[in-house]
Amino acid sequence: WLLFLALEAAADTATLSASQDATLYQTSDPTADAGNGAGNYTFTGVTAGALARRALIRFDIAAGIPAGATIDSVLLRMNVSRVPNPSNPADVRLHRVSASWDEGASDALGEEGQGQLPPAFDDATWRHRSYNDVFWATPGGDYTPGASGMQTVGDEGLYTWGNTAGMVSDVQQWLDTPAGNFGWIVIGDETDDKNAKRFDSREFFSGVRPELVVQYTPAMPVGSCCNGASCQVVTAAECSQLEGTFGGPGTTCSPNPCADPAGACCATDGNCTDTTESLCEAGGGIFQAEGSSCALLMCPVQLTPWLDALPLPVTAIPTSGFAGGEASYSLA
């Protein structure tokens, strides 16, 4: 039993591929928009022309991790495939996005640093959550001000973000409330020009695509736990601590399986009484069924076999005549 609980509580690991990613391109014309929903790359930082780039990335947590699980650790891995200035490292931060966004079909040309102008329908852009009629509350994306994770990115190579309390909290929230999962916005150093970083996207034709490695503990199955007539839904371990009887995974307390059922009780003399099962058995009766009624059945009379406890009569029969005043007898 203890081994069963230990195995049931063992942590599992899920490696998830990104379900959406895109780049928000700041443009020199505030009214112009560029997108790159289906491109091979995403970008962060600032270009030589002092234009910011921010990446969006989302993972479908609920599709890869069972509901009710506890998130233990989170690692985000992304590959940096190009940097204009390797000797100028930059802190790249993850912020939880606070509004939904779309990944359109735009696919920028060449190195993709300028995006596609104009963007495709439904593209996320610097101004739009979904081009061309759904806007961010703030151009450049809506997100929580505090960073969930941070990594310093220098030269090209594979980088890992995590394991931080913020990232764990974000993934736990996305698992518990999938409708609020809008992913992270990836923001680089925007105080220094020519500090952009290029990442391979989920559509990248080769190399390392983004992935999220999540370690989690599956939820312990719960079921009904009877302690007398009291019922509550708990895990098997919790029921054992309560000194109750576990009904099994998936069982419920509605209807209450712990209540003493009522029905007809047949006594040995044929009398019937409507009572509970425990009182019936305590009185030596036979409980018929939950919900049964004496008005609808006739109890059989249980006859006790009759046994003759009296000895057979003894009769003295003389077997011979008198001899010297005495007679001999046999018993019949």
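Up top is the structure.
These notes cover the structure that comes with them. The model shown is predicted, which means the values in this text are computed figures rather than measured ones.

### Comments concerning the overall build of the protein
Summing up its helical and strand segments, the protein has five helices and 21 strands in all. Counting all 332 residues of the protein, 39% fall into the buried class. In the protein, the share of contacts with a sequence separation of at least 24, taken over all contacts with a separation of at least 6, comes to 71%.

### Some words on the sheet that holds strand 14 (residues 222-227)
With antiparallel pairing, three strands are arranged side by side in an open sheet as 15-14-16. Lying at the two open borders of the sheet, with one neighbouring strand each, are strand 15 (230-235) and strand 16 (245-246). Examined bridge by bridge, strand 14 and strand 16 share two bridges and lie antiparallel to one another. Residue pairing across strands places Cys225 opposite Phe246, the latter belonging to strand 16.

### A short note on the pairing of strand 17 (residues 262-266)
When you tally the buried positions in strand 17, you get four out of five residues, the bulk of the element. Across five bridges, strand 17 lies against strand 18 (residues 272-276) in antiparallel orientation. Its bridge partner lying in strand 18, Cys265 is registered against Thr273. From the end of strand 17 to the start of strand 18, which pair antiparallel, there are five residues, and Gly270 there has a positive phi angle of about 95°. For strand 17 and strand 19 (residues 286-290), the ladder comprises three bridges, and the chain directions are antiparallel. In the strand pairing of strand 19, Cys265 is matched with Phe287.

### Here's the deal with the pairing of strand 11 (residues 184-187)
Taking every second residue as pointing to the same face, both faces of strand 11 are buried, with Trp184 and Val186 on one and Ile185 and Ile187 on the other. Here four bridges tie strand 6 (residues 90-96) to strand 11, and the two strands are oriented antiparallel to one another. Following the sheet pairing, Leu94 is matched in strand 11 by Val186.

### Observations concerning the sheet that holds strand 18
The strands making up a sheet associate through hydrogen bonds between their backbones, and the pairing can be parallel or antiparallel. Here we have three strands laid out as an open sheet, ordered 18-17-19, and antiparallel in their pairing. Two strands bound the open sheet, and with one partner strand each, they are strand 18 and strand 19. Across the sheet, the axes of successive neighbouring strands diverge by a mean angle of 35°, strand direction being ignored.

### A few points about the state of the cysteines
Considering all chains together, one arrives at six disulfides under this definition. Each sulfur of the disulfide joining Cys265 and Cys280 lies 2.0 Å from the other. Disulfide Cys265-Cys280: torsion about the S-S bond near 80°, hence right-handed. Of the two residues, Cys265 sits in strand 17 while Cys280 sits in helix 5 (residues 277-282), which places them 15 residues apart along the sequence. Like Cys265, the residue Cys280 is buried in the burial classification.

### Topic: the packing of aromatic side chains
Scanning all chains against the criterion turns up five aromatic pairs. Ring geometry for Tyr25 versus Phe43: centroids 6.3 Å apart, planes at 50°, classification tilted. Separated by 18 residues along the polypeptide, Tyr25 in strand 2 (residues 20-25) and Phe43 in strand 3 (residues 41-46) bring together distant segments of the chain. Of the two residues, Tyr25 and Phe43, neither departs from the other in class, the shared state being buried. Seen from their ring centres, Trp161 and Phe199 are 6.2 Å apart, and the 55° between their planes marks the pair as tilted. In this pair, Trp161 is assigned in strand 10 (residues 157-162) and Phe199 in strand 12 (residues 197-200), connecting sequence segments 38 residues apart.

### A short note on the environment of Trp136
With respect to the helices and strands, the residue Trp136 is situated in the loop between strand 8 (134-135) and strand 9 (149-153). Distance from Trp136 to Trp101, taken between C-alpha atoms, is 8.8 Å for residues 35 residues apart in sequence.

### A closer look at the side chain of Asp21
With respect to the helices and strands, the residue Asp21 is situated in strand 2. This buried residue, Asp21, is left without a salt bridge; Arg202 holds the nearest opposite charge, at 4.0 Å. A polar atom in the side chain of Asp21 sits 2.7 Å from the backbone nitrogen of Arg202.

### Description of helix 3 (residues 165-176)
Between its first and last C-alpha, helix 3 extends 16 Å over twelve residues, near the 16 Å set by a 1.5 Å rise per residue. Residues Met167, Val168, Asp170, Val171, Gln172, Trp174 and Leu175 constitute the buried set of helix 3.

### Points about the pattern of salt bridges
A full pass over the atoms with the stated rule returns eight salt bridges. Between Glu190 and Arg54 there is a salt bridge; the shortest N-O distance is 2.8 Å. With a gap of 136 residues between them, Glu190 in the loop between strand 11 and strand 12 and Arg54 in strand 4 (residues 52-58) connect regions that are remote in the sequence. Classification of Arg54 as buried rests on a relative accessible area of 11%. Among the salt bridges present, the one from Arg202 reaches Glu103, with a minimum N-O distance of 2.7 Å. Of this pair, Arg202 sits in the loop between strand 12 and strand 13 (211-217) while Glu103 sits in the loop between strand 6 and strand 7 (128-130), placing them 99 residues apart in sequence.

Definitions and limits used
Residues numbered from 1 in each chain as written. Predicted model: local features only at pLDDT ≥ 70, side-chain atom pairs only at ≥ 80, totals over all residues. Heavy atoms only, no water. Helix = DSSP H or I, 4+ residues; strand = E, 2+ residues; numbered from the N terminus. Buried < 20%, exposed > 50% of the residue type's maximum accessible area, 1.4 Å probe, protein only. Contact = heavy atoms within 4.5 Å. Pairing = 2+ DSSP bridges. Axes fitted to C-alpha atoms, helices over the stretch in contact; angles between N-to-C directions. Disulfide = S-S within 2.5 Å. Phe/Tyr/Trp six-rings, centres within 6.5 Å; stacked < 30°, edge-to-face > 60°. Lys, Arg positive; Asp, Glu negative; His and termini not counted. Salt bridge = Lys/Arg side-chain N within 4 Å of Asp/Glu carboxyl O. Polar contact = N/O pair within 3.5 Å; in protein donor to acceptor, adjacent residues only side chain to side chain. Expected span 1.5 Å × (residues − 1).

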